[in-house]
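Analysis of the macromolecular model
Listed below are the residues making up each chain.
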Amino acid sequence: MCARYGIEIAGVTKGAAGNPDIARIMLGSGIRVLADSRLANIARLRASGISAPVMLLRPPSMGEVDEAAGLADIFLLSETSTIQALNRACGRLGKQARVIAMVDLGDLREGISPSQLPSLIAEVERLEHSTIVGIGANFACHTGLMPNEQSMATLSTLAQAAEEQLGRSLEYVSAGNSSSIPLMATGQLPPVVNHFRLGESLLLGRETAAGTPISGTHQNAFSIVAQVLEVWWRNVDDSCERGANALGRNTAPLRPGKRHLAMLNFGAIDAEISGAIPVDPNVEITGFSSDLVIADVTHADDVTVGDEIEFTLNYHALATAMSSPYLLQTDAYGTTMSATKDRERANV
Ligand SMILES: *Cc1c(COP(=O)(O)O)cnc(C)c1O
């Protein structure tokens, strides 16, 4: 779909914690560049032998600059002191930092204001081991700013000015994340925009802002499969005084009366439970602690100890589950994926 609109994709692996098997699927599908916000994830990709170019989506901290220079190839940056430190690190490695200058168009993440872009570009171009290869913006991330025709037009104007200033065309005019797909699909992208950084749409088949499914994709490529540890009939009394639970949260009102409840082998330490949705509509999460989920299975078919209960995931639940050291990661055939611990709790 992106190819039809002249958009190249960086495949964002952070939602899968840099899982190399997932990265290989992306690379095998025609994606040439990967992207991640964490050096540990990029190190994981490199350790598994993946040598494709990787974009570092988050600025490195000062203590990480050398490692970042070694692991990544393209850097989304706007802070001059970081760019200078990276430039020195790249000089030591005999490598060129390829920089995408980030502009803030209102999402209030990283990025300089549009008026400062020319001076940032001039500054980077003066550095010996750094080159501007593009400009980029964020949408629907920190503050949920929706991309629209107007912000895309601003990005387009900035890109044209940058190309004029540099005397060459930009390799990347990177117009955001999965939330920009609807604009593309309705033909509202200016021609100079040629790049998206896509995570959620590739992994979960949804755009970011409204979570709308993208046609032709599956939304259940990932799931958590938990085991039932215990199951009870309990008389639930909702008239007792109940304060905050073990996690300091107030729990949802309980359904009173005789309820069939199942205790499952994953908890808040393993995944963002609010983003885990039972596949069976007759299963309902009633609460959870760090290590357990309790589900109301009163209306589900016969649940017994050892049964598996499956949950689909939103992006937050996916990202947390994939980075949990406790969950065993298996593929669709039940084969354990690379670099996961073999001490099984629930599966993802
Ligand atoms: C995570 C991230 C993306 C990918 O966002 P999705 O909504 O998952 O497509 C893109 N750009 C940056 C800078 C990111 O940090």
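What comes next concerns the included structure.

Some words on the overall build of the protein
A count of helices and strands for the protein gives nine helices and 14 strands. On the principal axes, the C-alpha backbone points of the protein span a range of 75 × 40 × 40 Å. The buried share of the protein, reckoned over its 348 residues, is 48%. Summarising the internal contacts of the protein: among those between residues at least 6 apart in sequence, 62% fall at separations of at least 24. If you sum the accessible surface of the protein, you get close to 16,300 Å²; carbon and sulfur atoms cover 50% of it. On the protein, the mean spot of the 26 positive side-chain charges and the mean spot of the 38 negative ones are 4 Å from each other.

A look at the packing of helix α5 (residues 117-126) against helix α6 (residues 149-166)
In a pair of packed helices, the angle between the axes and the distance between the axes together describe the arrangement. Where α5 contacts α6, the two axes come as close as 10 Å, and the packing angle between them is 40°. Of the two elements, α5 crosses α6, and the hand of that crossing is right-handed. Residues Leu117, Pro118, Ile121, Ala122 and Glu125 of α5 form the contact with α6, whose own contacting residues are Leu158, Ala162, Gln165 and Leu166. In the contact of α5 with α6, the residues fall into seven nonpolar, one polar and one charged.

Focus on unusual backbone geometry
With a phi angle near 55°, Ala17 is a residue other than glycine that sits in the positive phi range. Residue placement: Ala17 occurs in the loop between β1 (8-12) and α1 (20-28).

Regarding the site of the ligand
In the vicinity of the ligand lie 13 residues, with Lys14, Ser178, Arg197, Glu200 and Thr208 positioned nearest. Within the side chain of Lys14, an N or O atom sits 2.6 Å from an oxygen atom of the ligand. Within the contact set of the ligand, an oxygen atom lies 3.4 Å away from a side-chain nitrogen or oxygen of Asn177. A total of 390 Å² of accessible area belongs to the ligand in isolation, and the protein chains cover 94% of it. Its residues placed into classes, the shell around the ligand shows four nonpolar, five polar and four charged.

Quick notes on the sheet that holds strand β11 (residues 276-278)
With antiparallel pairing, the six strands of this open sheet are ordered in space as β11-β14-β9-β10-β13-β12. With one partner strand each, in any of the chains shown, β11 and β12 (284-288) form the two edges of the open sheet. Pairwise comparison of adjacent strand axes, ignoring direction, gives a mean angle of 45° for this sheet. Looking at chain direction, β12 and strand β13 (residues 293-296) are connected through four bridges and run antiparallel. When the bridges of β13 are listed, Glu284 appears paired with Asp296.

Some points on the pattern of salt bridges
Per the stated rule, a full pass over the model turns up seven salt bridges. Note that Glu8 is salt-bridged to Arg32, the shortest N-O span being 2.9 Å. Residue Glu8 is found in strand β1, and its partner Arg32 is found in the loop between α1 and β2 (33-36); the two are separated by 24 residues along the sequence.

Some details on the environment of Gly248
Among the structural elements, Gly248 can be located in the loop between β9 (223-236) and β10 (257-264). For Gly248, a relative accessible area of 56% corresponds to the exposed category. C-alpha of Gly248 to C-alpha of Ser289: the two residues are 41 residues apart in sequence and 9.8 Å apart in space.

Comments concerning the nonpolar core
Of all hydrophobic cores here, the largest spans 88 residues; its most connected members are Ile135, Phe196, Leu264 and Phe266. Sort the elements by how many residues they give to this core and α6 lands first, with six residues. Non-local contacts of Ile135, meaning those with residues more than four positions away in its chain, are made with Ile100, Ala101, Leu117, Leu155, Leu158, Ala159, Ala162, Leu170, Tyr172, Val173 and Ser174. In terms of nonpolar packing, the next biggest core, distinct from the first, is built from twelve residues, Val12, Val33, Leu57 and Tyr172 among them.

Some points on the side chain of His260
Mapped onto the elements of the fold, His260 is located in strand β10. For His260, a relative accessible area of 13% gives the class buried. Excluding residues within four positions of it along the chain, His260 makes contact with Val231, Trp232, Trp233, Ala295, Asp296, Val297, Thr298 and Val303.

Considerations on the packing of aromatic side chains
Summed over the entire model, instances satisfying the criterion amount to one aromatic pair. The ring of Trp232 carries Arg234 above its face, with NZ or CZ at 4.1 Å from the centroid.

Rules behind the numbers
Residues numbered from 1 in each chain as written. Predicted model: local features only at pLDDT ≥ 70, side-chain atom pairs only at ≥ 80, totals over all residues. Heavy atoms only, no water. Helix = DSSP H or I, 4+ residues; strand = E, 2+ residues; numbered from the N terminus. Buried < 20%, exposed > 50% of the residue type's maximum accessible area, 1.4 Å probe, protein only. Contact = heavy atoms within 4.5 Å. Areas by Shrake-Rupley, 256 points an atom, 1.4 Å probe, with all protein chains shown as cover. Lys, Arg positive; Asp, Glu negative; His and termini not counted. Charge placed at Lys NZ, Arg CZ, Asp CG, Glu CD. Axes fitted to C-alpha atoms, helices over the stretch in contact; angles between N-to-C directions. Left-handed = near helix turned anticlockwise from the far one by under 90°. Nonpolar A, V, L, I, M, F, W, Y, C, P; charged D, E, K, R; others polar. Near = heavy atom within 4 Å. Polar contact = N/O pair within 3.5 Å; in protein donor to acceptor, adjacent residues only side chain to side chain. Pairing = 2+ DSSP bridges. Salt bridge = Lys/Arg side-chain N within 4 Å of Asp/Glu carboxyl O. Core = buried A, V, L, I, M, F, W, Y, C linked by side-chain atoms within 4.5 Å. Phe/Tyr/Trp six-rings, centres within 6.5 Å; stacked < 30°, edge-to-face > 60°. Lys NZ or Arg CZ within 6 Å of the ring centre and 35° of its normal.

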